[in-house]
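This is what each chain is made of:
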Amino acid sequence: MQLRLLNFYKFLSNFANNLVGAFVPLIIFIETGELYIAFLYLVIQNIIRLVASYTLKNQIRKRPQIFLLLRVFTLTGYSIFILLLDKYLLLSIIGICVFYAFDLSFKLSANEIIYNYSSLNKSTDTLGITRVFEQMGIIVSLLIGGFLLDINRQLVVIISLILYGFSVIPLLIYYFKSKKSTSFNKEAVSNALLTFEKKLEHTKLGKKIIFQILLTYCTVYFLFSSFDVIRTIYSFDLFISGSPSYGQVGILGAIFNGTYGVGSYFAGKLNDRYDIMWVVQSTCIIMGLSAFGFVLVENIYYIYVIFGIAGLFYPFLSLFVFQRLIVKSRILGMSNSALLARDNSSVGSYIYIYGTALICSLFPIVTLIPVYIIIGAFMLFSAYYIPKAEERTRMLLVDYLQNNEIQNEIKIVKKRTRRDKVSN
């Protein structure tokens, strides 16, 4: 039941949130006339988002539904400052930066944790459908929000606040009805982990393996999450080149998210039936070449095609990695920690890419071409690294559960312990 309510929330809240939120960096760029200010805003915003996610992680795990309610205040906060941009430019930019950072932190962390709690024993197909609902809300909001922002910014903000209020009500009702249940908002723990927790040696080695698995997946997400920011980067390029239209930016976003929704549906179904590793590697190569394409292609219609192709293939990569991360982390009883590490790694990637763009924007002669090249290189390297990462994490998990190499390590630990006792 909660999964259905989450899908409804994602559709309506994404619609409400992206009516304005998707265009905030562009609004700041237009109001200030300085590209470096927009990129500085993006860097600081993501740093605050990273700190907020880490600081509040325990509370978000316990009460993710409440944090979705708190988004009413964060969304209202940055919406008010958007309306005040014309009068109080610097204060409004700071206010938007802080409120929007907390809003994004609450949104992504709470969404994924609720999905984690409500999708036990669900297939990847379910995840694919959930992603479709997310994209549907984004598509509609980008098209409507882009054109309305060219007409009336105040109207867009009011519509956004009203719709978000409606989206969160069903989840809150479910939360207050279910919070007394002992199994509500509880992380999945495997029988293997419960058995091994009784043995101190396994617990120590388990923590070591958890760290190694999380570190591997953090690297994976740092690499391919860089592509998430390419739409924002290209939006700046559009405005710099003399095409100052929020509507056109909205169309580009709608094309990407529309094909992403289609790709999510098929990726979810195929991932349950087949080993799609070769599709994932092909996706990394396609997206890497797409990033390079933004450097070489100037015709806007070809750009539409590039966005469409990238959006269609991206879900095969993102769903594949997410599904394997969540399965392995549930076995080890640390799925929420894995989700937090995933989010933080992605945000770290955003900070790195936006930081590079900030450096480029400080030099008028230099363009944003280095940013596209870095993203393209990251994606091409992902085609090589992801299969290696999957094999490494699989072997670590198998060794832990089957006592292969771990059993030898346990013997070594016991011998050292006996030797220390004798020497004492």
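Predicted model, so just to flag it, every value in this text is computed and none were measured.

**Observations regarding the environment of Phe211**
Inspection of the secondary structure puts Phe211 in helix α10 (residues 200–224). Classification of Phe211 as exposed rests on a relative accessible area of 55%. Sequence-wise, Phe211 and Ala338 are 127 residues apart; in three dimensions their C-alpha atoms are separated by 9.9 Å.

**Points about empty space enclosed by the protein**
To find leftover empty space, a probe the size of one water molecule is rolled over the atoms. The final tally for this structure, using the stated rule, is three cavities of 30 Å³ or more. Put simply, the second largest cavity is a space of about 80 Å³. Lining the second largest cavity are Ser53, Lys57, Ile60, Arg61, Ser109, Glu112, Ile113, Asn336, Leu339, Leu340 and Asp343. Looking at the lining of the second largest cavity residue by residue, the class counts come to four nonpolar, three polar and four charged.

**Concerning the environment of Tyr352**
Residue position: Tyr352 is located in helix α15 (residues 335–361). Residue Tyr352 is classed as partly exposed on the basis of its relative accessible area, which comes to 39%. Sequence separation of Tyr352 and Phe222 is 130 residues, and the distance between their C-alpha atoms is 9.4 Å.

**What about helix α2 (residues 24–32)?**
Note on helix geometry: an α-helix contains 3.6 residues per turn, so any two residues three or four positions apart are oriented the same way. Buried residues dominate α2, accounting for seven of its nine residues. Those residues of α2 that sit buried are Val24, Pro25, Leu26, Ile27, Ile28, Phe29 and Thr32.

**What about the side chain of Arg324?**
By the secondary structure assignment, Arg324 is in helix α14 (residues 300–331). The buried charged residue Arg324 lacks any salt bridge, with Glu390 as its nearest oppositely charged partner at 4.2 Å. The contacts of Arg324, once residues within four sequence positions are left out, are Tyr217, Asn271 and Glu390.

**Focus: the packing of α2 against helix α11 (residues 230–240)**
Two quantities define a packed helix pair, namely the angle between the helix axes and the distance between the axes. At a minimum axis separation of 10 Å, α2 and α11 run at an interaxial angle of 30°. Taken together, α2 and α11 sit at an angle that is classed as roughly parallel. α2 and α11 meet at a crossing whose hand is right-handed. Contacts between α2 and α11 involve Pro25, Leu26, Phe29 and Ile30 on the former and, on the latter, Ser235, Phe236, Phe239 and Ile240. In terms of residue class, the contact of α2 with α11 is built from seven nonpolar, one polar and no charged.

Cut-offs applied
Residues numbered from 1 in each chain as written. Predicted model: local features only at pLDDT ≥ 70, side-chain atom pairs only at ≥ 80, totals over all residues. Heavy atoms only, no water. Helix = DSSP H or I, 4+ residues; strand = E, 2+ residues; numbered from the N terminus. Buried < 20%, exposed > 50% of the residue type's maximum accessible area, 1.4 Å probe, protein only. 1 Å grid on protein atoms, 1.4 Å probe; cavity = no way out; pocket = protein on both sides within 12 Å on 5 of 7 lines; lining within 4 Å. Points joined across faces, edges and corners; volume = space filled by probe spheres on them. Nonpolar A, V, L, I, M, F, W, Y, C, P; charged D, E, K, R; others polar. Lys, Arg positive; Asp, Glu negative; His and termini not counted. Salt bridge = Lys/Arg side-chain N within 4 Å of Asp/Glu carboxyl O. Contact = heavy atoms within 4.5 Å. Axes fitted to C-alpha atoms, helices over the stretch in contact; angles between N-to-C directions. Parallel < 35°, antiparallel > 145°, perpendicular 65-115°, else oblique. Left-handed = near helix turned anticlockwise from the far one by under 90°.

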